[in-house]
Structure formats: structure tokens, C-alpha cells
Amino acid sequence: MILNPATPVALLAILRASDVRPNFPPCLANNFYGIFGQQSVFKISDSACLELLPISVDDGSVVPLFLPDDGPQQLFWIQESAIDNSLRTPEYEAEVANFIDWLVPEERITYPDGQAILFEGGKPATASLVYRTANSGLVAVADQGAADILSTRLPRFWKALPIPASPVSYLPVPDTAIERVRDILVSLRFDALVAGIVNGISVEQMHKDIRYLTNEDGTSGIASRHSFHHGSRIAAKWLKTQFEDAGAACSFMPFLEGFAPNIICRYDAKTESSDTVLISGHYDSRGSFGLERAPGGNDDGSGTISILNIARRIKQTGITFRTNVELVVFAGEEQGLLGSKAYAKELRMRGANIVLMVQADMLAYHVPDEPPQLGLARFIGTPEVTQLVANISAIYSPELTVGFTVVCCSDHQSFHEQGYPATHLFERAVADPMYHNSGDLSDRPGYDLNQVRSICKVQFATLLHAAGFDLPEGVNLEDLEELD
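Treat the numbers as computed from the prediction; the structure is a model and nothing was measured.

A. Here's a closer look at the overall build of the protein chain. Tallying secondary structure elements over the protein chain gives 13 helices and 19 strands in all. Counting over 484 residues, the protein chain shows a buried share of 59%. The contacts of the protein chain with a sequence gap of at least 6 include a subset with a gap of at least 24, amounting to 80%.

Laid out in C-alpha cells, this is it:
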């Protein structure tokens, strides 16, 4: 099938995500399609719209969009993760080059719109490379079959994120929500009770949990937690049971046919409150191209066991909260934050008041000769929430070396896009050689459960300071120490 050149149906304006702000002109704000990588994508009809931008905003890129009636219709943003230079091996660079050659073969007929043809088993599926930089691009595909082929051919450190067919809500975090976080920052002090609670997080229990989720202990039978794999359903049922045993009220949240569900667990406030503090991870995984095995020990089994062990400690201490608390593990993260997008959108439609949201994604790895570390979001999220987490880390987990990471695009982004204060806990740049690999297990050099515990303490302490809590009557700090 040959695609004929066509008149562009729109212009894509691609701006830095950090430049998106409340005073954007309506021609952009009403045509916002989301944040991808570190870029915000808008679909506009006239480039003159960009002349209305504040002078401080970079001009960005304007890309003509060609979508013939009989050709590609679905857009995907493809993005390389911010990987450490140690992972840029000749083998990996060849993998990327082969992917680009496959996507845009040299023998294709070149049209002004850069369209190409993808083949799988002799059956063609149309695609168009709309836009490309050194580590990202826009691809249009004709149908779901072509989208599935694209996702299976991605290099190991790349993701494909679907761009919605219609504009999404443009919802900057309101000043009132930011002020609320600033108030928590200003009042932050060391609390011996908080320290006593978070210090009881158990590495031994984390070890048991991760070995079950990866099937390293041979008991779960989970070969993969990919959102389409039956192993993700085994993991979902087990996780829901574990959270419920820890005293949370949990439910499955289906969001797309064929995908494993989100798991939403809640602790209601002791007194009436409309506020909610939400902490999360994602339990789905991704393995090596062509292999079923996807243990996801680090990505994101580490974040999942962090959330689970916070729940275990809540039960062990008997604490109650002054604000509603939700512990959530999402599915569909690896396919483009699909589970968290569905839940964040639902919360916004309900008018939920989320005080803050903190996502934990990839907590376990550091290069063997490096110290334990915590990477904080530099570009996507609310700076005040990120600063709060940094300050809490210095108080309760001083053993961590803390810095900023350019890694982006975990589930906190879904909440950021819905106008909720949010941030992301990570290692640093992706340095884990088993990232998106079937060898992502816990029993290997560089996988450090003590680092997971330290970051878990930060996430838990953030929850405690933001939500407020009470110990059972008659329980004091000495009693907490006896529980450890």
C-alpha cells in the first residue's frame, strides 16, 4: 500500500513541559494533548497562536501533521528513557539503529510527510514518522495491529505512549493546592513518633514479597506481570489480599479491556475529611523482546513492595489518619500510564481533593560501588512536593544521596496533568542494566533492598506528615520500638 502525500490536517506544537503554565492562550490551552517525555503536545490550526506565548517561553517546534483519510490515524510518542552512559553499549546503539531502519526503511518511497510501511509476517501495516529528535519521536499508525507491532519492536529503553484522539483537560496545579504543600513544608520538623513508625519497615519482609512477585522463591508461578499476561492477575489477587490483611479497604479498578486492573486501597480518616493523600507504585512489568519472562524485580516490583510494606506497618502500629489515605498500585504503566490516567481522570471528575501524590518507581538499583541514592523529578511534577520529599529524606533517611533525575513519565504525571500536586521517587538516571529485561530479578549485583527500605521510609514519612496521624490510645514511642 502506498500512501499519497496530503495537505496537513493540523500543526503539532511541541513545547517543553516546564513551560506549560496557567496563562497560556486559549488556542493552546483548548488544544492540549498531554505531556510526553519532557514535551507538551498541542494540535493547532495556525502557527500564529505561538506568537501569543509569554516571551519567557521557548518557541519549541511546529510540525505539520499529515493524516490521509485512508492512512494512519493513531499517534504515538516514542521516547528513550534517560539512561546512564554505561548502558549505551554498541549492542544497544545497534538495537536503536535497527529499530529506526525498521520504522523508516531506506527502500521506502519518500514523500513530504515521511510516511513508511511496516511489515509483520508479510502483512503490511501503515505508519508515518511524523517527528523525530535524537531520543524521541512521533509515529502515526493505522490500527491497533500496527500499534501492537510497534510496541513489540521498541528498543529496550524506549516506550511508546498513545496520544489521545481529542484534546485533554488543561489543568495546571492551582495556587491554593501549592500553598497547602508549602504550609506542610514550613511546618516540617523532626518527629520522633514518625521516625519510630518508619524505622520499623522490614527488609526481611520486603525480601519475601519481591521473591514472590518475581517467582524467585518458586511459589507464585508468576512468569510475567505484563498487563496482558495471566501472571498479572495472580499478582493482583495476591496484592489485594495482602493489603486487605493489613487493614485497608481495597477494590479492583478495571480501566481497559484486556488489561490487569488497578488496585485501590483506602484508609478512611478517623474524623470527617474531604482530603486525600495518595502514594503509589505500579505492579505491571516488561521483559526482553521476544521472551515471556518479565519478573519486574526493580521496575516496578521495588515500588510495589514499598507501598505494601507501608500498609503492613500501618497495621502493626495501629495508627489512624486525620486525612483519607490511599495506597494504590497501577497496571498499564508500561503501555503509557494507562491505569493511572484512568484513575486520575476519575478522581478529577469526582471532584476529589488530593493533597499530594507520590509515586515510587524503580527504587532498588544502584551501581555496585555507588552509595544508596534517591532521584527526584526535575521536570514533571510539582516542585514544592519534590522539595518536601527532599527535606523529609534528609530528616528520616540521611543515608541516601539525594539529587535530581531527568527520568520522567511515571504515574505521577497522570495526576500532574489533572492539576494535582505530585512527584516521583526514583534511583537516578536509568543505570540498571536489567531495565525492561527478563533478567530483572532481586538476586543480582546492585539490587539493594536496604535502599528500597530507605526510600520507603521517605515515602511513608511524607504520608504521615501530610495526612496527620494518631497512635492507639496508650501507645507511645517505647511501644513502637518494642514492635520492631
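And the narrative resumes.
B. Inspection of the pairing of strand β3 (residues 39–44) at higher detail. Taken together, the six bridges between strand β1 (residues 10–16) and β3 define a ladder with antiparallel strand orientation. The residue bridging I14 from the neighbouring strand is V41, located in β3. Looking at chain direction, strand β2 (residues 32–36) and β3 are connected through four bridges and run antiparallel. The partner of I35 across the bridge, within β3, is S40.

C. Structural view of the sheet that holds β1. Read from one edge of the open sheet, four strands run β2-β3-β1-β4, paired in antiparallel fashion. On the outer flanks of this sheet lie β2 and β4 (61–65), each paired with one strand and no other. Strand after strand, the sheet turns through a mean of 25° between neighbouring axes, direction not considered.

D. Region of interest: the environment of F289. Position of F289 among the secondary structure elements: in the loop between β12 (275–282) and α8 (301–317). C-alpha separation for the pair F289 and S151, spaced 138 residues apart in sequence, amounts to 9.7 Å. The residues contacting F289, other than those within four sequence positions of it, are T152 and R153.

E. Structural detail: helix α12 (residues 449–467). Compared with an ideal rise of 1.5 Å per residue, which puts 19 residues at 27 Å, α12 spans 26 Å between its outermost C-alpha atoms and is within 8% of the ideal. When you tally the buried positions in α12, you get 17 out of 19 residues, the bulk of the element. Of the residues one or two after α12, G468 is the one with positive phi, at around 75°.

F. Highlighting the nonpolar core. In terms of nonpolar packing, the biggest core is built from 76 residues, with F243, F321, L327, F460 and L463 touching the most fellow members. With 11 residues, the single largest contributor to this core is α12. Not counting the four nearest positions on each side in its chain, L327 is found in contact with F243, I263, I264, C265, Y267, I279, I307, I310, A311, I314 and L463. Counting residues in each nonpolar core, the second largest holds 28 residues, with I78, I100, A146 and M362 among its members.

G. Representation of the packing of aromatic side chains. The final tally for this structure, using the stated rule, is 13 aromatic pairs. Each ring, one from W77 and one from Y131, has its centre 6.1 Å from the other, and the planes form 40°; the classification is tilted. You can see W77 sitting in strand β5 (residues 74–80) and its partner Y131 sitting in strand β7 (residues 123–132), a full 54 residues away along the chain. The exposure classification of W77 matches that of Y131, with both residues buried. Relative to F259, the ring of F255 lies with its centre 5.6 Å away and its plane at 45°, an arrangement referred to as tilted. Like F255, the residue F259 is buried in the burial classification. Site record: aromatic cluster; members linked through ring pairs are F36, W77 and Y131.

H. Region of interest: the packing of helix α6 (residues 203–213) against α12. Where α6 contacts α12, the two axes come as close as 10 Å, and the packing angle between them is 110°. On the basis of their axis angle, the class for α6 and α12 is roughly perpendicular. Considering how the two elements wind past one another, α6 and α12 form a crossing that is right-handed. Listed contacts from α12 to V203, M206 and H207 of α6 are L449, N450, V452, R453 and C456.

I. Region of interest: α6. The set of residues buried in α6 consists of V203, M206, D209, I210, Y212 and L213. Sitting at the head of α6, S202 places a side-chain oxygen 3.3 Å from the backbone nitrogen of E204. Looking one or two residues past α6, N215 carries a phi angle of roughly 65°, positive in sign.

J. The arrangement of the sheet that holds strand β17 (residues 401–405) in detail. The strand order β10-β11-β14-β12-β15-β18-β16-β17 describes an open sheet built from eight strands, whose pairing is mixed. Only two strands of the sheet have a single partner each, and these edge strands are β10 (249–253) and β17. Recorded for the sheet is a direction-independent mean angle of 20° between the axes of neighbouring strands. In the sheet, strand β11 (residues 262–267) pairs with strand β14 (residues 324–330) via five bridges, with the strands oriented antiparallel. Bridging across to β14, C265 finds its partner in L327. Strands β12 and β15 (353–360) of the sheet are contacted by helix α4 (residues 175–187), whose axis makes an angle of about 70° with β15.

K. Highlighting the side chain of T276. For T276, the location among the structural elements is in strand β12. Ignoring sequence-local partners within four residues, the contact set of T276 consists of R266, T323, N324, E326, N353, I354, V355 and L356.

L. Inspection of the side chain of D209 at higher detail. Position of D209 among the secondary structure elements: in helix α6. The buried category is assigned to D209, whose relative accessible area is 2%. Excluding anything up to four places from it in sequence, D209 contacts W238, I305, L308, N309 and R312.

M. Local environment of the state of the cysteines. Within this structure, the stated rule accounts for three disulfides. The residue that forms a disulfide with C408 is C409, at a sulfur-sulfur distance of 2.3 Å. On the sign convention where negative is left-handed, the bridge of C408 and C409, at about -45° about the S-S bond, is left-handed. For the pair formed by C408 and C409, the shared burial category is buried.

N. Summary view of the packing of α8 against α12. Their axes nearest at 9 Å, the elements α8 and α12 cross at an angle of 55°. On the basis of the axis angle, α8 is oblique to α12. Handedness of the α8/α12 crossing: right-handed. Note on element contacts: α12 touches α8 through L449, V452, C456, Q459, F460 and L463, opposite S302, I305, S306, I307, I310, R313 and I314. Here the residues of the contact of α8 with α12 sort into nine nonpolar, three polar and one charged.

How each quantity is defined
Residues numbered from 1 in each chain as written. Predicted model: local features only at pLDDT ≥ 70, side-chain atom pairs only at ≥ 80, totals over all residues. Heavy atoms only, no water. Helix = DSSP H or I, 4+ residues; strand = E, 2+ residues; numbered from the N terminus. Buried < 20%, exposed > 50% of the residue type's maximum accessible area, 1.4 Å probe, protein only. Contact = heavy atoms within 4.5 Å. Pairing = 2+ DSSP bridges. Axes fitted to C-alpha atoms, helices over the stretch in contact; angles between N-to-C directions. Expected span 1.5 Å × (residues − 1). Core = buried A, V, L, I, M, F, W, Y, C linked by side-chain atoms within 4.5 Å. Phe/Tyr/Trp six-rings, centres within 6.5 Å; stacked < 30°, edge-to-face > 60°. Parallel < 35°, antiparallel > 145°, perpendicular 65-115°, else oblique. Left-handed = near helix turned anticlockwise from the far one by under 90°. Polar contact = N/O pair within 3.5 Å; in protein donor to acceptor, adjacent residues only side chain to side chain. Disulfide = S-S within 2.5 Å. Nonpolar A, V, L, I, M, F, W, Y, C, P; charged D, E, K, R; others polar.

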